[in-house]
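Chain and residue survey
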Amino acid sequence: MTADGVPKLTDFGLAKAEAADTGMTMAGAVLGTLDFMPPEQRRDAALADARSDLWSLAATLYQMVTGESPRVIDLDQCPEPLRRVLAQALKSQSEARFQTASEFKTALQTALHKKSVPALVTSDLGAGECLQCRTVNESHRKFCRECGSALRCNCLKCKHEIPVWDKVCPECGGKQAELVASLQQEIATKIADAEQLRQDHRYQESLQVIDQLMAITDDRVGVDTEQLAQLKHATQQAWDEQVAYAAAKYEEAQQHRAAFDYVSAIRAIESIPIQMRDSKTKQYVERLQADHDASVGLSAQIRTRVQERAIDGLLPLVERAIELSGDRADLLKLRNQLAEREARRVRERGEAIELAERLLEEGKAKEGWQTVSKYKSDRLTEVQQQLLKRIEGLVVAENSLTALVKEAKADGVIDPHEIVSLLPEVLKYLKMNPRHAAVKSLYHDLCGRFGRCSAEQLLAVPVQELLTLPTDFFETLPPESIAKLPPALITKLPPISNSIGQQLKLLPPGQFWMGDPKGDGDETPHEVRLTRAFYMGVHEVTQEQYERVMGTNPSNFKGASNPVEQVYWKDAVQFCQRLSALPEEKAAGRVYRLPTEAEWEYACRAGSQTRYIFGDGESDLVQHAWLDNNSDSKTHPVGKKKPNAWGLYDMHGNVWEWCSDWYGDYPSGAVCDPTGPQTGSLRVLRGGGWSSGAARCRSASRSWAYPSARFNYYGFRLVLSPPGIPQ
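As the structure is a computational prediction, the values presented were derived from the model and not from experiment.

1. Digging into helix H5 (residues 176-199)
- In this model H5 runs 34 Å from its N-terminal to its C-terminal C-alpha over 24 residues, within 8% of the 34 Å that 1.5 Å per residue would give.
- Every buried residue of H5 is accounted for by Gln-176, Val-180, Leu-183, Gln-184, Ile-187, Ile-191, Ala-192, Ala-194, Glu-195, Leu-197, Arg-198 and Gln-199.
- Directly beyond the C-terminal end of H5, a positive phi value near 65 degrees is found at His-201.

Written out as structure tokens, the structure is:
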């Protein structure tokens, strides 16, 4: 200010410290005069921003009000109302200062417009005297007759209504002057708190305190409502400015991020007071920092891997680095080079996969593996990975099989036990790789060796190992060898089919108790031993089969798949003879006959000793048999009910079945391969028929008839002795 009262604006100039004279400055490279330079600018001019200018402005104000240089700041020399404002404005950390000039201005205005707490004016009031206009009213009045002001107030302690001139509350004894003074002091403290909250950017809390103070209406306290209104306006204005400032800085940060300038973007966010950062802003700065760190880390990682020539799998890292760092020329060039290399590798890999597939189709799994094993599975498509896994599995299986064959041939002889051990492994491999020529040749060789094994050699192999073989292997054995196989294996062999489509199941030799102690009188239990295996018809002879052999169909209940009925015993025997004479059957050496009664019951029981093939109760019989209560008085197609344990159908019900025996009493003791009485007049029938009750369908139930008898419930099934087995 000049002597004649004209204000002048002085430029502090651009200066730098001179080593020759530390008390002088001269124009140079450092922005700002040293005494008025904020701490961050002294460290690095690049750190300066708008808050740095506010520090310099506060330093200038300090010198103006104290007359002292701000080189050393002593706030005690400042006027009391300005101390708190300058203390915040001159903070060392820019985040702790006022963030905008408007915020600084509001703080100064509030500090300079503070009013002192009004003096207590109730201490000298007389009875009936108005606090506002000092008119003396009658003591019983509640409002002043001149100005209308209230002559009653609430005790500041107990809230009981008392006259404004009472110095002590008659209810609680509260001394009103002391209470007013205490409340005034509390109000002053809260005003200071509100200002501090505003300076700390806690605007909502500050406004809440101000609203609480403005709600005090007791005239004795003397609340300065004008001051509070200004403070509220200044606080709201500062809040609005900070919200706008934060939005501007957030947008600025986004612009810096778009230019991949993470440092400037982070600095823009950090210039927003912490209290003004919402969750979105906090998450954004965290993401900025993470992207910045990732960008720096990726650049270093890419540089190292390029130097070390470790470029497999580098392309995704380079593409990510471009996302984080922008279109840098070096990264773009590297990406193009890596993309070309990857395209070439993909093409080569695809060609190798195609070659491996062709080799696999030719059964050459190992050659296929050598073609593709050098490629990492994580670089292949899902389909390619599955192919690679399949080829790898085949190679492992082939190596295992090769080792087994080598071990089996170590002594120069592959014995039956080794054949049985190798065959399942060979089959398992061929299921995976059916075109492997060498393994196919090995399979045929083993099958030939197996077919040449004698029954004695096979019996030396544990039954459990033989059971692991597919049953069709045993079809290559001579019939006499098949018949000598272990019973547990024989019963698992599939039926054979003859030239008229009839299936026959091979049954092993064995022992059983024939008869039923609770049955009819002619069912005396006795032990029977059958020494030779035999084939039993899976089904009763059907009308279609009978007609193909005999040229006629005598049945009453017509149906190609129904059992033939109304046949004499001699018709059944003649059918067996004519079937045996057919060229295909004769060439195979197959001779058919009717079963003996012992063979029939043995085949029916299939190892059971109960009344029926499933147990002793009659309730389940309808699931296994056509009998009087479910047949509708007629025959039904064969094989529609449940079979017994050996796979034979209709052993209960449908039609009675002729046996070869003459009917007679059972022997009293154990017998071997019985064929019944030598002579007689009646032939045996077994199994019950469609018109029979449950008791007649029992496994041990016997019936008989003259050989010349024929009824629509009489039929038969065949027995075939294995060729080459003496009968």
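2. Observations concerning unusual backbone geometry
- Backbone geometry places Asp-632, a non-glycine residue, at a positive phi of 60 degrees.
- Within the secondary structure, Asp-632 sits in the loop between helix H23 (597-605) and strand S11 (656-662).
- Classification of Asp-632 by relative accessible area gives exposed; the value is 62%.
- Phi angles above zero are rare outside glycine, and Asn-654 is one such case at about 75 degrees.
- Here Asn-654 lies in the loop between H23 and S11.
- Since its relative accessible area comes to 0%, Asn-654 is described here as buried.

3. A few points about the confidence of the model for the protein
- Residue-level pLDDT values for the protein average 86, and 92% of them are 70 or greater.
- Note on residues 13-31: pLDDT under 50 across the span, and 29 contacts to partners over four residues away in sequence or across chains.
- This model gives residues 115-122 a pLDDT under 50, and the stretch forms 15 contacts once residues within four places in sequence are excluded.

4. A word on the pairing of strand S8 (residues 526-530)
- Here S8 shows one buried face, formed by His-526, Val-528 and Leu-530, and one open face, formed by Glu-527 and Arg-529.
- Two strands pair when backbone bridges link them, and strand S7 (residues 510-514) and S8 are joined in this way by 5 bridges, in the antiparallel orientation. Bridged to Gly-510 within S8 is Leu-530.
- Relative to strand S12 (residues 671-672), S8 runs parallel, the two sharing 2 bridges.

5. Here's the deal with the pattern of salt bridges
- Taken as a whole, this structure holds 31 salt bridges when the rule is applied.
- Ionic pairing is found between Asp-49 and Arg-51, a salt bridge with its closest N-O pair at 2.9 Å.
- Note on Arg-51: relative accessible area 4%, which makes it buried.
- For Arg-320, the salt bridge goes to Glu-323, with nearest N and O atoms at 3.0 Å. Of this pair, Arg-320 and Glu-323 both sit in helix H10 (residues 315-325), 3 residues apart, which is roughly one turn of the helix.
- Here the salt bridges share partners, and the residues they tie into one network are Asp-516, Asp-520, Glu-523, Arg-611, Arg-696 and Arg-698.

6. Considerations on the environment of Phe-260
- Here Phe-260 shows up in the loop between helix H7 (225-258) and helix H8 (262-270).
- By relative accessible area, which is 31% here, Phe-260 ends up partly exposed.
- Between the C-alpha atoms of Phe-260 and Gly-326, which are 66 residues apart in sequence, the distance is 6.5 Å.
- With sequence-adjacent residues up to four places away left out, Phe-260 is seen in contact with Ile-322, Glu-323, Leu-324, Ser-325 and Gly-326.

7. Quick notes on the packing of aromatic side chains
- Under the counting rule described, the total for this entry stands at 17 aromatic pairs.
- A ring pair is formed by Trp-658 and Tyr-714, whose centres lie 5.3 Å apart and whose planes are at 70 degrees; its orientation type is edge-to-face. Remark: Tyr-714 occurs in strand S15 (residues 714-715) and Trp-658 occurs in strand S11; sequence separation between them is 56 residues.
- Taken together, the ring pairs in this structure connect Phe-557, Trp-658, Trp-690, Phe-711, Tyr-713 and Tyr-714 into an aromatic cluster.

8. A look at a negative patch on the surface
- A cluster of acidic residues, Glu-348, Glu-351, Glu-354 and Glu-357, forms a negative patch at the surface.
- Inspection of the secondary structure puts Glu-348 in helix H11 (residues 329-361).
- In this structure Glu-348 comes out as partly exposed when scored by relative accessible area, which is 35%.

9. Quick notes on the side chain of Ser-703
- Along the chain, the position of Ser-703 falls in strand S14 (residues 702-705).
- Those residues in contact with Ser-703 that lie beyond four places of it in its chain are Trp-656, Arg-683, Val-684, Leu-685 and Arg-696.

10. Some words on the sheet that holds strand S10 (residues 592-593)
- Spatially, 5 strands are ordered S5-S6-S9-S16-S10 in an open sheet, and the strand pairing comes out antiparallel. Of all strands in the sheet, those bounded by a partner on one side alone are strand S5 (496-497) and S10.
- In the sheet, strand S9 (residues 534-537) pairs with strand S16 (residues 719-720) via 2 bridges, with the strands oriented antiparallel. Considered in S16, the bridge of Met-536 is made with Val-719.
- On the sheet, H23 packs against strand S6 (503-507), S9, S10 and S16 and is oriented at approximately 75 degrees with respect to S9.

About the criteria used
- Per chain, residue numbering runs from 1 following the sequence as it is written.
- In view of the model being predicted, local features appear only for residues whose pLDDT reaches at least 70, and side-chain atom pairs are presented and counted only at 80 or more, with totals across whole chains, interfaces and linings using the full set of residues.
- Processing note: side-chain calculations cover all non-hydrogen atoms of the structure and skip hydrogens and water entirely.
- Secondary structure counts use DSSP, requiring at least four H or I residues in a row for a helix and at least two E residues in a row for a strand, with both numbered from the N terminus.
- A helix is expected to reach a length of 1.5 Å times the quantity of its residues less one.
- Think of it in three bands: residues with accessible area under 20% of the maximum for their type are buried, residues over 50% are exposed, and the middle band is partly exposed, with areas taken using a 1.4 Å probe on protein chains only.
- Residue-level confidence of the predictor is summarised by pLDDT, bounded by 0 at the bottom and 100 at the top.
- Contacts: residue pairs with any heavy atoms within 4.5 Å of one another.
- Here, any two strands with at least 2 DSSP bridges between them count as paired.
- Within this document, salt bridges are pairs made up of a side-chain nitrogen of Lys or Arg and a carboxyl oxygen of Asp or Glu, the two lying within 4 Å of each other.
- Classification of ring pairs rests on two measures: the distance between centres of Phe, Tyr or Trp rings, Trp counted by its six-membered ring, which must be within 6.5 Å, and the angle between planes, read as stacked under 30 degrees, edge-to-face over 60 and tilted in between.
- The patches reported here contain residues having more than 30% relative accessible area and no salt bridge. Joining distances are 9 Å for like charges and 5 Å for nonpolar side chains (Val, Leu, Ile, Met, Phe, Trp, Tyr).
- All accessible-area figures derive from a Shrake-Rupley calculation using a 1.4 Å probe, and residue coverage is judged against the displayed protein chains alone.
- Lys and Arg are tallied as positive, Asp and Glu as negative. Neither His nor the chain termini are counted.
- By convention, the charge on Lys lies at NZ, on Arg at CZ, on Asp at CG and on Glu at CD.
- For helices, the fitted line uses only the C-alpha atoms of the stretch in contact; every axis is such a line through C-alpha atoms, and the angle between N-to-C directions lies from 0 to 180 degrees.

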